[in-house]
Structure formats: structure tokens, C-alpha cells
Amino acid sequence: MAERPEDLNLPNAVITRIIKEALPDGVNISKEARSAISRAASVFVLYATSCANNFAMKGKRKTLNASDVLSAMEEMEFQRFITPLKEALEAYRREQKGKKEASEQKKRDKDKKTDSEEQDRSRDEDNDEDEEKLEEEEQNEEEEVDN
Amino acid sequence: MADVAVGKDKCGEQRLVSLPLSRIRVIMKSSPEVSSINQEALVLTAKATELFVQYLATYSYRHGSGKERKALTYSDLANTAEESETFQFLADILPKKILASKYLKMLKEKREDDEANDGEESDDDEAES
């Protein structure tokens, strides 16, 4: 999947924005510091993935799941991330539930051919990028998520 | 492409994660032992990476030298990697920089040491360096 080394970089604009939001206003971040943080973030992803994978292997599972990532944070001594991550997970699950309900609603609406179709479509376009992945991942989710 | 996952969504609410999930997935999958990742694990890893970037930046700024100048520099980050146990895993990719002149001086001193020792034990060089 990663064909060029740049594929392992995270987008600089997003990284810069996250740093700026975290630091007090008006702090100057050198270009070198930005690219160093960006590299560090990629290494963090790999390190977290490898730790999480160890937990999945211990559990004799092939698919990494949310609890593996949380366990990895503990192991890596980033316990401080666990509470905000759990909150994010809750929010994500609510969002997914909302989407599911919305798409069920859409199906019903389609049958009735009501006007609300237009609205739903514009919302869909927003999520297009994720949708492919969701479908591909759905199987896994169904097996592992609801516990 | 990056635009898709950046910033706020239409309702003006903050998105759950701002880093692009597709890119995070590519990085995760570049690890050979990983076979598959479910969507929740992907979202959590992306979120964790954001928290990590925030933490690394604020930690380095607070412990760094640039507070009066309101600046975050590479050497602040390299210091963090060297001094904090949690950030130790970054030491290899955030090495401390030294000036070329300092390095040349170190080399010169080493050479002089070696020469001084040359008379007595000539094959000790490797062990000492």
C-alpha cells in the first residue's frame, strides 16, 4: 500500500494546525520543529500499531480493535490519553449509530419517494471517503464491536 | 486529498479527528505483522496521534528554552526525546544537533588523544572511540 516513502508522512498543514492549537497564541514554530513533530507522529503510529498488535495476538485475534489500541496506550505510558480516547470512541459510536439510523430512514424515504431525499444525499457526499472503508470493514465491526 | 478530512464539517462542529484516516491506515498497514484493523481501532489511533502531537509540542515548549522568545525549536524537541522517558522512543529520529565546529574540535581532541596513546598501546583505538 505504501509505495513511496512520502506515503508514510502525515499532511503538514494538519500537523501544523494541531500544534498551533495546542500552544499559546503567537508562538513561533520553526519549520524544522514542524517536520520533526510530523516524523515523530508517524513513528508514534507505528509504535502504537505494533503494541496494539501484540495485544491482538495475545488474544488470538487477527483484527486490531479499539481495546488493543487502548491497551497499547497504557503500555506506552500514555495513560493520560486513555480518558479522552474513550470519550472519542463514545462519540464515534454515537455518530455511527446516527448514520445507521439516517440511512435506514433514507431507505424508508426512498420507498415513499419523499422530498427529504435531497438532504440525505448532500450529507452522504460529505462522508463519501469513509464509506468505502466502512463497507470493507463492516464485517469486522459487527463481530468485534458490540461487546 | 487532505482537504477531505480537515477542519470542521458542514454543521460547524469540530470533527472527531482531523488527521486523514486513509493515511493513518497506510502507515499502520506498513507494519508487516498487521493483518487487519477495524474502523474503531483506526479512529482511535488517529485520535491518539493528535493527542500525541499536542502533548509533544506542549511538553517541549514548557520544558524548552524558547519560552521568553515565544518559539518552539528543533532542539527543544530533541531535548524532550533525550530527557523524558515517555518520549524516549523518539531519540533515534530526533537526534541532538551539534555544531560542525564543535564536532571538528571533538575529532581533533580524539586524534590528539590517540596520538598520545600511540606510543604505548597502538591497537586500543577502537575500544576507546
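An unreviewed UniProt entry annotates chain B as Chromatin accessibility complex protein 1 originating from Cavia porcellus. Database annotation for chain B, UniProt heading Function (unreviewed entry): "Forms a complex with DNA polymerase epsilon subunit POLE3 and binds naked DNA, which is then incorporated into chromatin, aided by the nucleosome remodeling activity of ISWI/SNF2H and ACF1. Does not enhance nucleosome sliding activity of the ACF-5 ISWI chromatin remodeling complex." Of the comments in the UniProt record for chain B, the one headed Subcellular location (unreviewed entry) reads "Nucleus".

Going by an unreviewed UniProt entry, chain A carries the name DNA polymerase epsilon subunit 3 and comes from Cavia porcellus. As its UniProt record puts it under Subcellular location (unreviewed entry), chain A is described as follows: "Nucleus".

Time to look at the UniProt feature "domain: Transcription factor CBF/NF-Y/archaeal histone" (unreviewed entry) in chain B. Following the UniProt record, one finds the feature "domain: Transcription factor CBF/NF-Y/archaeal histone" (unreviewed entry) at residues 18–78 of chain B. Taken end to end, residues 18–78 of chain B comprises 64% helix and 7% strand; its first and last C-alpha atoms sit 26 Å apart.

A grouping of Ile98, Tyr103, Leu104, Met106 and Leu107 of chain B is seen on the molecular surface, where their side chains present a nonpolar patch of about 490 Å² in accessible area. Mapped onto the elements, Leu104 of chain B comes out in helix α4 (residues 100–118).

It is worth spelling out the environment of Ala72 of chain A at this point. All names here are of chain A. Counting through the fold element by element, Ala72 comes out in helix α3 (residues 66–75). Each C-alpha atom, one on Ala72 and one on Asn53, is 8.5 Å from the other, the two residues being 19 residues apart in sequence. Here Ala72 is in contact with Ala48, Cys51, Ala52 and Phe55, once residues within four sequence places are set aside.

Of the residues lining the interface, 60 residues belong to chain B; the matching set on chain A comes to 71 residues. On the chain B side of the interface with chain A, the three residues burying the most area are Ile27, Glu40 and Leu44 of chain B, jointly 12% of the side's total. Its salt-bridge partner being Arg93 of chain A, residue Glu40 of chain B comes within 2.7 Å of it at the nearest N-O pair. Counting the contacts that link chain B with chain A gives 14 residue pairs in polar contact (both at pLDDT 80 or more). Broken down by secondary-structure element, the contributors of at least two residues to the side of chain B that touches chain A are α1 (21–29), β1 (36–37), α2 (39–63), β2 (71–72) and α3 (74–83) of chain B. The element contributing the most residues to the side of chain B that touches chain A is α2 of chain B, with 19 residues. In the side of chain B that touches chain A, the residues fall into 33 nonpolar, 15 polar and 12 charged. In the sheet, strand β1 (residues 28–29) of chain A pairs with β2 of chain B via two bridges, with the strands oriented parallel. Along β2 of chain B, the bridge assignment pairs Ile29 of chain A with Leu72 of chain B.

Analysis parameters
- Residues numbered from 1 in each chain as written.
- Chains lettered and ligands numbered in written order.
- Predicted model: local features only at pLDDT ≥ 70, side-chain atom pairs only at ≥ 80, totals over all residues.
- Heavy atoms only, no water.
- UniProt positions renumbered as here; feature names shortened; annotations may be inferred.
- Helix = DSSP H or I, 4+ residues; strand = E, 2+ residues; numbered from the N terminus.
- Patch = residues over 30% accessible without salt bridge, like charges linked within 9 Å, V, L, I, M, F, W, Y side chains within 5 Å.
- Areas by Shrake-Rupley, 256 points an atom, 1.4 Å probe, with all protein chains shown as cover.
- Salt bridge = Lys/Arg side-chain N within 4 Å of Asp/Glu carboxyl O.
- Contact = heavy atoms within 4.5 Å.
- Buried area = accessible area lost by both parts, 1.4 Å probe.
- Polar contact = N/O pair within 3.5 Å; in protein donor to acceptor, adjacent residues only side chain to side chain.
- Nonpolar A, V, L, I, M, F, W, Y, C, P; charged D, E, K, R; others polar.
- Pairing = 2+ DSSP bridges.

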